[in-house]
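Structural overview
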Amino acid sequence: MIRSAQALVAGGALALSALAVGGLATTGATAAPASTPSAFSVQGGASLRLDHAATYTLRLNATGKRLWKASSAGDVTSWFRLPDGRPAFTDTEGVAVAHLSKDRSTLVVKLHAGRIDGFTANGSRALDVRTPAGALKTGKGSSKATTKKVGRIVLPKLTVDSSLYGTAYTHGKSTLKQAFGEVVHYGDDSQAAISLHLPGLDDSEIGTSGASVALVDGDGYYPEEYDFEATDLPDFVDGTSTYELSAGDLEMDTQGYLTSDVNSGREWSCLGGDGQGNYYYNLEVSGLTYRGLPVASHDFGAHVYIYGYNYTADATGLYGDGTTVTPEWATLADKTGSAPAPGAKPKLTWVGDGDEPNLADSLADDVYVTWPTGVDGSGLTADDVEITLHSEEGDSLTLVPGTDFEVQGTGGESQIAILYHNWAFVPVYSTMTVSVDGAAVGSTAVSKTYDIGSVYAYEAQQGGGGTTVDGTVVAYSFYGLANLTDPTQVTTAATYTLSVVQDDTTYYYAEDGDGVGSLVTDQTAAKTYDASGADERNIQLIENSVYTTTRRNQTEDKTVDGDTVTFTKSYSGGGLLQPQLTSGLEVEPGYILPTGTTWVVQEKWAWQPAIAVGWTGVDIQPYTGKFEYEVEVGASQQFTADEDVTWSLLNAQSPDTTIDENGLLTIGEDETATTFAVIATSTTDDSEEGVGTVNVKVVAAPTP
């Protein structure tokens with residue numbers, strides 16, 4: 001039943017009620033007495049129950065001799081707050097509109113819940129009204145800001161329990177090749193339970209017509225790189241929707257760039273994601289409603305793992321046995337030239353190379369504590385210090401005392417040597433908080449947060465591996481660059497010259513100032529052409545990826561001495577610039593621009609033996625290279641492993657192609673597959689880390 005509100009005046013104060021128009025009744029609860037006089041009261045106490053997309057009426061009554069100012073009328077959406085002070089609604093205008101009574105003692109607020117686009121908190125919450133300073137006029141001037149509880153938002157809490165996990169095997173290649181027909185596949189237990197929680201929840205009240213799942217921002221990827229198809233949300237049963245991913249739902253997008261070769265385009269890379277083929281994605285479910293009110297969106301994770309290629313050997317050649325971080329103990333004055341004078345409070349000072357702490361390199365970063373005069377800081381230990389890293393995506397990591405950092409003291413100062421080496425590309429930690437418990441040495445606590453770099457800006461090559469042919473497209477995807485707007489920022493100029501062989505001599509096409517062509521034998525005198533255009537290398541920057549097309553056997557006709565000569569185009573350039581040669585590049589929070597190296601070197605640093613993580617697998621012999629081990633049709637080959645394994649084949653086509661329990665491979669006479677994989681699975685570890693592979697190339701038997 002709908003009741004109208006009547007203002008009851010008693011002793012200069014008003015008792016108020018909150019009303020719902022459109023079929024929603026309110027409770028008659030009375031607010032607890034305030035410990036101090038309030039500038040206004042809520043008629044009916046804190047009785048609002050916001051749980052339908054209806055229109056609610058609130059009456060805010062000025063107490064004592066206070067009156068509402070005329071400026072308080074109008075849009076007051078921003079007055080509605082959660083107990084922690086945050087706005088209650090994601091939209092801060094248009095939801096609540098206030099009107100003054102004639103005597104200005106009452107402010108009538110119409111709360112149009114149907115206009116709420118979203119709530120800033122998930123689930124049910126208390127709801128406050130916080131009037132700004134100056135909203136009320138008193139005999140002594142304007143009122144201060146005042147907060148009163150007006151009721152409660154009653155909405156289901158949205159939770160997601162996700163085990164979404166997909167894998168793909170690269171057949172020994174560095175990226176997932178279309179030629180093998182391999183896609184990311186998801187197991188039967190790969191799903192996310194999207195649930196709403198509220199006593200008495202009614203599935204029929206859940207609105208899903210505007211609900212969807214989207215790929216949203218995260219570390220190590222950009223949503224624009226992907227074609228995401230799994231946007232629909234299944235129906236809710238008993239408050240839960242079971243969401244799944246299928247092959248093809250999440251794919252790297254070539255973003256409209258023309259490709260024709262099966263090795264081309266943007267492909268999943270074993271170097272992508274965390275640097276070792278682990279891709280961690282953020283998905284977001286949004287647009288759900290309950291009884292017409294929006295349910296706050298919620299993020300959840302999905303994990304895709306691309307494996308089948310071991311970069312450890314490459315990393316060993318680049319980095320040796322790996323990198324270690326060792327402390328360098330010294331007084332602050334030795335490192336800075338002069339130590340700050342001790343003050344009344346402890347002071348933290350960071351010392352390191354560059355503009356901010358770099359946790360991605362192999363150098364220790366130092367934070368010094370300068371203690372007040374008379375404090376002996378030599379007794380400070382690592383257990384008295386807490387160091388926490390935070391990412392823009394909400395990830396955090398607390399460093400381990402004695403392992404990730406060490407502490408030494410020399411009387412008036414303590415040195416905290418940070419040894420933590422962040423090897424992975426994700427998460428990207430962008431701040432570091434150092435907190436010191438000064439009580440351990442008889443002083444006060446001190447804490448400071450620093451902007452840091454934890455990941456080098458990097459690139460991952462996608463596409464173009466295997467056998468390069470005319471038209472093969474290579475994509476270089478860059479991560480952590482804030483102002484990448486032109487391919488010339490990260491690639492060398494693409495050019496070509498024209499050459500022809502006549503009488504066993506190579507000639508090059510040249511032109512004089514009037515454009516008259518001639519033949520020269522000195523290549524440096526040849527005319528150079530721009531090869532970046534669409535008909536040539538077709539170099540394009542699309543979002544964060546630079547695309548290039550390989551050109552081979554291209555010709556061009558030119559007139560020389562009145563004759564038409566067909567020249568072959570010789571291409572050069574279009575490769576990656578060394579990072580230190582790039583100009584004007586800036587990085588996103590948490591990233592550092594590498595210097596003194598190349599992009600290619602940088603992308604393999606996570607595969608150092610010292611890291612000892614990633615897909616290394618069982619060692620299978622014989623193994624002649626990264627791509628193929630050749631076996632003739634009809635022949636046999638004995639394989640061995642460095643531990644007890646079970647043997648299997650992947651993608652062999654002939655039933656006569658077999659491998660026995662001892663690793664003896666036999667190729668059937670009618671084998672049609674050109675390549676397949678020999679798989680060795682550890683008998684004690686059947687995870688990806690316990691699997692070894694050799695990609696076998698089938699070759700014809702020699703002609704008798």
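Structural notes, computed from the coordinates. (Residues numbered from 1 in each chain as written. Predicted model: local features only at pLDDT ≥ 70, side-chain atom pairs only at ≥ 80, totals over all residues. Heavy atoms only, no water.)

**Some words on the packing of aromatic side chains**
For any pair of aromatic rings, geometry is given as the distance between the ring centres together with the angle between the planes. Per the stated rule, a full pass over the model turns up 21 aromatic pairs. Pairing Tyr 226 with Trp 268 gives two aromatic rings, centres 6.0 Å apart and planes at 50°, and the pair type is tilted. Of this pair, Tyr 226 sits in strand 22 (residues 226-228) while Trp 268 sits in the loop between strand 24 (250-252) and strand 25 (278-286); the two residues are 42 residues apart in sequence, bridging distant segments of the chain. A relative accessible area of 7% places Tyr 226 in the buried class. Ring plane angle 80° and centroid distance 5.4 Å describe the contact between Phe 478 and Trp 599, whose orientation is recorded as edge-to-face. (Phe/Tyr/Trp six-rings, centres within 6.5 Å; stacked < 30°, edge-to-face > 60°. Helix = DSSP H or I, 4+ residues; strand = E, 2+ residues; numbered from the N terminus. Buried < 20%, exposed > 50% of the residue type's maximum accessible area, 1.4 Å probe, protein only.)

**A word on the nonpolar core**
Residues Leu 50, Phe 80, Tyr 243, Trp 268, Tyr 281 and Phe 300 are the most contacted members of the largest nonpolar core, which totals 91 residues. Residues contacting Leu 50, with those up to four places away along its chain left out, are Tyr 56, Phe 89, Leu 111, Ala 113, Ile 116, Phe 119, Leu 127, Arg 152, Ile 153, Val 154 and Leu 293. Within the second largest apolar cluster, 26 residues are counted, among which are Trp 350, Val 369, Leu 389 and Tyr 429. (Core = buried A, V, L, I, M, F, W, Y, C linked by side-chain atoms within 4.5 Å. Contact = heavy atoms within 4.5 Å.)

**Some details on the environment of Ala 641**
Locating Ala 641 in the fold gives a position in strand 52 (residues 640-641). Separated by 245 residues in sequence, Ala 641 and Ser 396 have C-alpha atoms that sit 40 Å apart.

**Re a negative patch on the surface**
A contiguous patch of negative charge on the surface is contributed by Asp 217, Glu 224, Asp 299, Glu 392, Glu 393, Asp 395, Asp 451 and Glu 543. Here Asp 217 lies in the loop between strand 21 (212-216) and strand 22. (Patch = residues over 30% accessible without salt bridge, like charges linked within 9 Å, V, L, I, M, F, W, Y side chains within 5 Å. Areas by Shrake-Rupley, 256 points an atom, 1.4 Å probe, with all protein chains shown as cover. Salt bridge = Lys/Arg side-chain N within 4 Å of Asp/Glu carboxyl O. Lys, Arg positive; Asp, Glu negative; His and termini not counted. Charge placed at Lys NZ, Arg CZ, Asp CG, Glu CD.)

**A closer look at the sheet that holds strand 32 (residues 396-398)**
Across the sheet, which stays open at both edges, the four strands sit in the order 32-31-35-36 with antiparallel pairing between neighbours. At either end of the open sheet lies a strand with only one pairing partner, and these are strand 32 and strand 36 (446-451). Within the sheet, the average angular offset between the axes of one strand and its neighbour, ignoring direction, is 15°. Relative to strand 32, strand 31 (residues 385-391) runs antiparallel, the two being bridged by three bridges. For His 390, the partnering residue across the bridge sits in strand 32 and is Ser 396. (Pairing = 2+ DSSP bridges. Axes fitted to C-alpha atoms, helices over the stretch in contact; angles between N-to-C directions.)

**A closer look at the sheet that holds strand 12 (residues 125-131)**
Taken in spatial order, the four strands of this open sheet run 5-15-12-9, and their pairing is mixed. Both outer strands of the open sheet, strand 5 (48-50) and strand 9 (80-81), are each paired with one neighbouring strand and no more. As judged from the seven bridges shared by strand 12 and strand 15 (residues 146-153), these two strands associate in the antiparallel manner. Across the sheet, residue Val 129 finds its bridge partner in strand 15, namely Lys 148.

**Points about the environment of Thr 582**
Here Thr 582 shows up in the loop between strand 47 (563-572) and strand 48 (590-592). Separated by 22 residues in sequence, Thr 582 and Lys 604 have C-alpha atoms that sit 20 Å apart. Not counting chain neighbours up to four residues away, the residues in contact with Thr 582 comprise Gln 489, Val 490, Leu 577 and Leu 593.

**Thoughts on the pattern of salt bridges**
One pass over the structure, following the stated rule, counts ten salt bridges. The network of salt bridges with common partners includes Glu 536, Glu 556, Lys 558 and Lys 569.

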